[in-house]
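These are the residues of each chain, in order.
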Amino acid sequence: DTGVSQNPRHKITKRGQNVTFRCDPISEHNRLYWYRQTLGQGPEFLTYFQNEAQLEKSRLLSDRFSAERPKGSFSTLEIQRTEQGDSAMYLCASSPPILAGAYEQYFGPGTRLTVT
Amino acid sequence: DQQVKQNSPSLSVQEGRISILNCDYTNSMFDYFLWYKKYPAEGPTFLISISSIKDKNEDGRFTVFLNKSAKHLSLHIVPSQPGDSAVYFCAASTTSYDKVIFGPGTSLSVIP
């Protein structure tokens, strides 16, 4: 399967702990996005990379959140000092270079975080 | 402030009939619109898109209509099939490769 993969699929953690999620995009895709989805809502944009450069961060991304994409390949999203309000599905998406002429974002299955 | 709105949380349609899902947006800077479908425990799957220079785009059973003056778009599925039962998200962006702003979704049930 050459789609977007995310690990872990589920994470249960205690409030105050740090968690890290990983996203592996489709191999030829240079753009990578992180979204967060809570129950009954659509995905909300968190941050966006083009290659290794983080081009935009949402105001939803507090100082406790950090994302990296070393070498422009996989990406990690870390949440420090988790709070119960961080419980959500964290979705990663990737899309091909603009010149490829296709613009849709391909989503992974998500990582469901539960903070107890 | 919700920039993309889907005012119908759910919709039920008989198999074989037309499903019409509606979406309204407030940001006049949006010029690229998408529909995604989501099954439980899976990420959203791209369905169809439309650029603001068009008013209609068709792909098989799926057609998206865009009315820029009304800031309204709709997705038509005809004929509807039970496998179409899913949550449908309307989404928009200011360019085709920018971050996407999603609506809250409409849960479609196609009844056999």
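Everything in this summary refers to the structure shown in the same document. (Residues numbered from 1 in each chain as written. Chains lettered and ligands numbered in written order. Predicted model: local features only at pLDDT ≥ 70, side-chain atom pairs only at ≥ 80, totals over all residues. Heavy atoms only, no water.)

### Considerations on the state of the cysteines
Right, on to step 1. All chains considered together, the criterion is met by two disulfides over all chains.
Right, on to step 2. Note on cysteine connectivity: Cys23 of chain A is disulfide-linked to Cys92 of chain A, with sulfurs 1.9 Å apart. Its S-S torsion of approximately -65° makes the covalent link between Cys23 of chain A and Cys92 of chain A left-handed. Separated by 69 residues along the polypeptide, Cys23 of chain A in strand β3 (residues 19-24) and Cys92 of chain A in strand β9 (residues 88-95) bring together distant segments of the chain. One exposure class covers both Cys23 of chain A and Cys92 of chain A, and it is buried.
Right, on to step 3. Here Cys23 of chain B pairs with Cys90 of chain B through a disulfide, and the sulfurs are 2.0 Å apart. Taking the torsion about the S-S bond as the criterion, the Cys23 of chain B to Cys90 of chain B disulfide, at about -75°, is left-handed. Separated by 67 residues along the polypeptide, Cys23 of chain B in strand β3 (residues 19-25) and Cys90 of chain B in strand β9 (residues 86-93) bring together distant segments of the chain.
Right, on to step 4. With relative accessibility at 0%, the residue Cys23 of chain B sits in the buried group. (Disulfide = S-S within 2.5 Å. Helix = DSSP H or I, 4+ residues; strand = E, 2+ residues; numbered from the N terminus. Buried < 20%, exposed > 50% of the residue type's maximum accessible area, 1.4 Å probe, protein only.)

### Some remarks on the sheet that holds strand β7 (residues 65-68) of chain A
Residue and element names in this part refer to chain A.
Right, on to step 1. Across the sheet, four strands lie side by side as β1-β3-β8-β7; this open sheet has antiparallel pairing. Either end of the sheet is taken by a strand with one partner, and the two such strands are β1 (5-7) and β7. Adjacent strand axes in the sheet meet at a mean angle of 15° when their direction is disregarded.
Right, on to step 2. Sheet topology places β1 next to β3; three bridges connect them, and they run antiparallel. The partner of Ser5 across the bridge, within β3, is Asp24. (Pairing = 2+ DSSP bridges. Axes fitted to C-alpha atoms, helices over the stretch in contact; angles between N-to-C directions.)

### Concerning the nonpolar core
Right, on to step 1. Within the largest apolar cluster, 23 residues are counted, with the highest numbers of intra-cluster contacts made by Phe33, Trp35, Leu73, Leu75 and Tyr88 of chain B.
Right, on to step 2. Elements that contribute at least two residues to this core include exactly β3, β4 (32-38), β5 (45-51), β7 (62-67), β8 (72-77), β9 and β11 (106-111) of chain B.
Right, on to step 3. Among the elements that line this core, the one with the most residues is β9 of chain B, at four residues.
Right, on to step 4. Other than its neighbours up to four places away in sequence, Leu73 of chain B contacts Leu21, Asn22, Cys23, Tyr25, Phe33, Trp35, Val64, Phe65, Leu66 and Cys90 of chain B.
Right, on to step 5. Counting residues in hydrophobic clusters, the runner-up holds 19 residues, among them Phe21, Ile26, Leu61 and Leu77 of chain A. (Core = buried A, V, L, I, M, F, W, Y, C linked by side-chain atoms within 4.5 Å. Contact = heavy atoms within 4.5 Å.)

### Some thoughts on the interface of chain A and chain B
Right, on to step 1. Each side of the interface is counted separately: chain A has 20 residues, and chain B has 18 residues.
Right, on to step 2. Taken over both partners, the interface formed by chain A and chain B buries close to 1600 Å², and the fraction arising from carbon and sulfur atoms is 59%.
Right, on to step 3. Across the contact surface, chain A and chain B share one salt bridge.
Right, on to step 4. Connecting chain A to chain B are four residue pairs in polar contact (both at pLDDT 80 or more).
Right, on to step 5. Those elements that provide at least two residues to the side of chain A that touches chain B are β4 (31-37) and β5 (44-50) of chain A.
Right, on to step 6. Across the side of chain A that touches chain B, the residue classes tally to ten nonpolar, six polar and four charged. (Buried area = accessible area lost by both parts, 1.4 Å probe. Salt bridge = Lys/Arg side-chain N within 4 Å of Asp/Glu carboxyl O. Polar contact = N/O pair within 3.5 Å; in protein donor to acceptor, adjacent residues only side chain to side chain. Nonpolar A, V, L, I, M, F, W, Y, C, P; charged D, E, K, R; others polar.)

### Topic: the packing of aromatic side chains
Right, on to step 1. Under the counting rule described, the total for this entry stands at 13 aromatic pairs over all chains.
Right, on to step 2. Their ring planes at 40° and their centres at 4.7 Å tell us that Tyr25 of chain B and Phe33 of chain B sit as a pair that is tilted.
Right, on to step 3. For Tyr25 of chain B, a relative accessible area of 5% puts it in the buried group.
Right, on to step 4. Arranged with centres 5.9 Å apart and planes meeting at 75°, the rings of Tyr36 of chain B and Phe46 of chain B form a pair that is edge-to-face. Of this pair, Tyr36 of chain B sits in strand β4 while Phe46 of chain B sits in strand β5, placing them ten residues apart in sequence.
Right, on to step 5. You can call Tyr36 of chain B buried: its relative accessible area is 0%.
Right, on to step 6. What makes Phe46 of chain B partly exposed here is its relative accessible area of 22%.
Right, on to step 7. Cluster of aromatic residues (ring-pair linked, three or more members): Tyr33, Tyr35, Phe45, Tyr48 and Phe107 of chain A together with Tyr36, Phe46, Phe89 and Phe102 of chain B.
Right, on to step 8. Positioned above the aromatic ring of Phe74 of chain A is the side chain of Arg22 of chain A, whose terminal nitrogen or guanidinium carbon lies 3.9 Å from the ring centre.
Right, on to step 9. Just above the ring of Phe45 of chain A sits the side chain of Lys99 of chain B; from NZ or CZ to the centre is 5.5 Å. (Phe/Tyr/Trp six-rings, centres within 6.5 Å; stacked < 30°, edge-to-face > 60°. Lys NZ or Arg CZ within 6 Å of the ring centre and 35° of its normal.)

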